[in-house]
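Now for the letters of each chain:
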Amino acid sequence: MQVPPAENLPAIRKALEDEGNKHFEVDELPGLNHLFQTAKTGSLTEYAQIEETISPVVLDKIATWILKQ
């Protein structure tokens, strides 16, 4: 909601590639808010209601990426 992935991920990927970065992944993670928490709406007002610090999906994705490097 805050950063629509369809509009932003291609630009992020292009910026990384244009600068010569070779070790990156750009992935959309549905159902998560801007803070990588599991969310229903993605609205700022929902933040205070979410107890999760960071989604296990995100932690797994990051750990998997690091181990590949």
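Now for a quick tour of the structure.

## Some remarks on the overall build of the protein
- Assigned secondary structure in the protein consists of two helices and zero strands.
- Across its three principal directions, the C-alpha atoms of the protein cover 40 × 30 × 15 Å.
- Burial analysis of the protein (69 residues in total) assigns 17% to the buried set.
- A total accessible area of about 5,500 Å² is found for the protein, and carbon and sulfur atoms account for 59% of it.
- If the 6 positive side-chain charges of the protein are averaged to one point and the 11 negative ones to another, these points end up 6 Å apart.

## So, the layout of surface pockets
- The calculated volume of the largest pocket comes to roughly 850 Å³.
- If you trace the largest pocket, you find 29 residues lining it, with Leu9, Asp27, Glu28, Leu29 and Phe36 closest to the centre.
- Listing elements by their share of the lining of the largest pocket, those giving two or more residues are helix H1 (5-18) and helix H2 (56-68).
- Looking at which element gives the most residues to the lining of the largest pocket, the answer is H1, with five residues.
- Residues of the lining of the largest pocket, tallied by class, amount to 17 nonpolar, seven polar and five charged.

## What about the pattern of salt bridges?
- Scanning all chains against the criterion turns up four salt bridges.
- Of the charged contacts in the structure, one is a salt bridge between Glu25 and Lys68, with a shortest N-O distance of 3.8 Å. Placement of the pair is Glu25 in the loop between H1 and H2 and Lys68 in helix H2, with a sequence separation of 43 residues.
- Asp27 is the salt-bridge partner of Lys61, the closest N and O atoms lying 3.1 Å from each other. In this pair, Lys61 sits in helix H2 while Asp27 sits in the loop between H1 and H2, placing the two residues 34 residues apart along the sequence.
- Classification of Asp27 as partly exposed rests on a relative accessible area of 37%.

## Brief notes about the environment of Leu29
- Along the chain, Leu29 falls in the loop between H1 and H2.
- Residue classification places Leu29 among the partly exposed residues on the basis of a relative accessible area of 22%.
- Sequence separation of Leu29 and Val58 is 29 residues, and the distance between their C-alpha atoms is 8.0 Å.

## Digging into unusual backbone geometry
- Of note in the backbone geometry, Phe36 takes a positive phi value of approximately 60° without being a glycine.
- Taking relative accessible area as the criterion, Phe36 reaches 42% and is therefore assigned partly exposed.

Criteria and cut-off values
- Residues numbered from 1 in each chain as written.
- Predicted model: local features only at pLDDT ≥ 70, side-chain atom pairs only at ≥ 80, totals over all residues.
- Heavy atoms only, no water.
- Helix = DSSP H or I, 4+ residues; strand = E, 2+ residues; numbered from the N terminus.
- Buried < 20%, exposed > 50% of the residue type's maximum accessible area, 1.4 Å probe, protein only.
- Areas by Shrake-Rupley, 256 points an atom, 1.4 Å probe, with all protein chains shown as cover.
- Lys, Arg positive; Asp, Glu negative; His and termini not counted.
- Charge placed at Lys NZ, Arg CZ, Asp CG, Glu CD.
- 1 Å grid on protein atoms, 1.4 Å probe; cavity = no way out; pocket = protein on both sides within 12 Å on 5 of 7 lines; lining within 4 Å.
- Points joined across faces, edges and corners; volume = space filled by probe spheres on them.
- Nonpolar A, V, L, I, M, F, W, Y, C, P; charged D, E, K, R; others polar.
- Salt bridge = Lys/Arg side-chain N within 4 Å of Asp/Glu carboxyl O.

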